[in-house]
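# Per-entry structural report
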Amino acid sequence: MTYALSSTESTFSGKSFLSATLDSAHRCPARSDYIELRFTSSAGSWQWCFPEPPHGADAEPRATESLALTFGRYGAQAHLIRDGALGPALPSPATLPMILAGTRIFVERRLVIPGWPTAGKGPAA
């Protein structure tokens, strides 16, 4: 089966991503020291709880060009997008201020759509 990318999708490092917008931010229901962000994409929504940055952290958060939220070995990870590819993973507490400052967000398709196939690994990879 072949999947075509729509105008709201991109490919970075061989993975399919959806352009997403930050829909809401509030305290994470599971942990009071985390902030839950809800992202909306053309294929649905996705939530992620981020640890609050330590007090005194960068008081002037800056938006970067764009971030990709992807599924990693130990769960969701945020990566800077550099030259059309995923850069190194960022620490979650550093990611939250960038997202709240308006960084452009891409969410890996398989985080939004369960069972989305990945290259050479089958639907549950």
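Residues numbered from 1 in each chain as written. Predicted model: local features only at pLDDT ≥ 70, side-chain atom pairs only at ≥ 80, totals over all residues. Heavy atoms only, no water.

With that out of the way, let us pick up unusual backbone geometry. The residue aspartate 83 is not glycine, and still its phi comes out positive at about 50°. The residue aspartate 83 is located in the loop between β6 (75–82) and β7 (85–90) in this model. We classify aspartate 83 as exposed; its relative accessible area is 83%. (Helix = DSSP H or I, 4+ residues; strand = E, 2+ residues; numbered from the N terminus. Buried < 20%, exposed > 50% of the residue type's maximum accessible area, 1.4 Å probe, protein only.)

Turning next to the nonpolar core. Membership of the largest hydrophobic core comes to 19 residues, with the highest contact counts inside it found for Phe39, Trp46, Leu69, Ile105 and Val107. Mapped by element, the contributors of at least two residues to this core are β2 (15–27), β3 (34–41), β4 (44–51), β5 (66–72), β6, α1 (92–100), β8 (104–108) and α2 (109–112). If we skip the residues at most four places from it in the chain, leucine 69 touches Phe17, Phe39, Trp46, Trp48, Gln77, Ala78, Ile105, Phe106, Val107, Glu108 and Leu111. Ranked by size, the runner-up nonpolar core spans six residues in total, among them Phe12, Ile81, Leu86 and Phe106. (Core = buried A, V, L, I, M, F, W, Y, C linked by side-chain atoms within 4.5 Å. Contact = heavy atoms within 4.5 Å.)

In short, shape yes, function no, at least from these values alone.
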